[in-house]
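# Remarks on the overall topology
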Amino acid sequence: MKYREFIFDAGKGYVRNDKIEKMRNIDAIIFDCDGVLIDTKDSYDKTILKTVEYVLDGFTNSFFPNNLIPDEIVFLFKRSGGFNSDWDICYAILMFIIFNLPKEYRSFLQKAIKNIDLAKNPLEKFLLIKNSMSKYDLQKMVSKNHIEEILENLKIFAEKMDESGILLADKILMNSIDKSARELYKKLKLILYYPPKYGKSIIPTVYEEIFCGPELTKKIFGSPPLFYKGRGLIENERIIIKHETLDQLAGLLGKANFGIASGSRFIPAKYILGDLLNYFKRDAMIFLDDIEGEEEKLKSEGKISANLVRQSVLMKPNPFSLIKAVEGLKECNLPLYIGDSMEDFATVENARKRNYDFIFAGVYSQSNFKDELLQSFLRAKIEIILPSVNELPTILREIRKE
């Protein structure tokens, strides 16, 4: 595939030659939020790792060292296209580690969860497990070499993931354990991740509290945090997109015909972006809150199962949020969607299968593994590849000149 190459201060940009004529008709832009509008590499990814460490600490009597999981593992899960939800990544990592520990450990864990009432709140369930596991000296069971082997195999596991997300993770792990361990797996899955809501299961609750911090947790979920009272990692976030970028794009399109299709929540996005959200049409801003609301509606109508354990039906790469954002713009013939992952590209591909026409732009410089992400975009033959969203006006201006 032949690309026209651009040189920017932040890195190289690429535009497919065979799509330039079509791109002149772009009349709207839908933005992913995290990694495009907001720099989240020191918030979301670190929240995943901290959540895993927090839960493991309680479940293993603190024998795992801190900073256990390398950043590369998170990147590999996200690159697969099936893990738009960070809760899913936490779940897959935790289940892999637990079910690669010795059978003796699993027998202790089986006793710890045997009589747990699933109706209890997540903190009560967590403390019951933690108190039970504190009776055992688990460090004698697991050597440093065994931990290193688990991490090496976790990388291989992450590399196997695809758009199926935790469905594939569960399948691989269930096939790797004996029949006696499968009942433990099923119950632990419910304790960690069902229902997949804040205040109902352990992973979503720990994750959201670490990310939001006490003040935002109370604002979003209506009650003080259960687990975590420290500084929220959202405070590490910084705005990427500039006012002048949005002004220039509005000038090129003739108006601010902008939307957002994101898997994150509205209140944290507003907390960081502030008045920048005034550039976007309200009906064209689709966040996790909207996705969850639609899923609840579909469950009440019997159109999707009420017993789903995460694996959200409407989260990306399902094109629901993207299509709803375009519909919210009302006047739009050829929208451009700009994202920062292969999952965002898969979302566009799925929208195209439903006869929606899109141009996709991928940005890579905010990733901790930007060279690998850039190569993934090039291999996928993505139409526009940029270091960041702030180079987009230059690219569109050059395309229109031609």
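A brief look at the structure comes next. (Residues numbered from 1 in each chain as written. Predicted model: local features only at pLDDT ≥ 70, side-chain atom pairs only at ≥ 80, totals over all residues. Heavy atoms only, no water.)

This part is about helix α9 (residues 179–193). With 15 residues, α9 extends 21 Å between its outermost C-alpha atoms, agreeing within 8% with the 21 Å of an ideal straight helix rising 1.5 Å per residue. Looking only at α9, the buried set comprises A181, L184, Y185, L188, K189, I191, L192 and Y193. End-on, the buried residues of α9 take up no more than an arc of 165°, which puts them together on one face. Among the exposed residues of α9, those oriented more than 90 degrees off its buried face are K179 and E183. (Helix = DSSP H or I, 4+ residues; strand = E, 2+ residues; numbered from the N terminus. Expected span 1.5 Å × (residues − 1). Buried < 20%, exposed > 50% of the residue type's maximum accessible area, 1.4 Å probe, protein only. Arc of directions from axis to C-beta.)

Quick look at the packing of aromatic side chains now. Aromatic rings in a pair are described by how distant their centres are and how their planes are angled relative to each other. Inspection of every chain in the model, using the stated rule, returns 23 aromatic pairs. On the basis of an interplanar angle of 70° and a centroid distance of 5.0 Å, the ring pair of F77 and F83 is categorised as edge-to-face. Here Y207 and F211 contribute two aromatic rings whose centre-to-centre distance is 6.5 Å and whose plane-to-plane angle is 15°, an arrangement assigned as stacked. Of this pair, Y207 and F211 both sit in helix α10 (residues 202–221), separated by four residues, roughly a single helical turn. Of the two residues, Y207 and F211, both sit in the buried class. By way of ring pairs, the aromatic residues Y54, F59, F126 and F227 are connected into one cluster. (Phe/Tyr/Trp six-rings, centres within 6.5 Å; stacked < 30°, edge-to-face > 60°.)

The subject of this paragraph is the packing of α10 against helix α12 (residues 266–273). Angle between the axes and distance between the axes: these two values describe a pair of packed helices. At a closest axis distance of 11 Å, the pairing of α10 and α12 adopts a crossing angle of 115°. For the pair α10 and α12, the crossing hand works out as right-handed. Across from F211, L216, K219 and I220 in α10, the residues of α12 making contact are I267, P268 and Y271. By residue class, the composition of the contact of α10 with α12 is six nonpolar, no polar and one charged. (Axes fitted to C-alpha atoms, helices over the stretch in contact; angles between N-to-C directions. Left-handed = near helix turned anticlockwise from the far one by under 90°. Contact = heavy atoms within 4.5 Å. Nonpolar A, V, L, I, M, F, W, Y, C, P; charged D, E, K, R; others polar.)

Residues separated by three or four positions in an α-helix point in the same direction, a consequence of the helix having 3.6 residues per turn. Along helix α5 (residues 103–113), the residues classified as buried are Y105, R106, F108, L109, A112 and I113. Buried residues of α5 fall within an arc of 160° about the axis and therefore sit on the same side. Of the residues in α5, the exposed ones pointing more than 90 degrees away from the buried face are K103 and K111. Considering only its buried residues, α5 is in contact with α2 (44–59), α4 (86–98), α6 (122–133) and α9.

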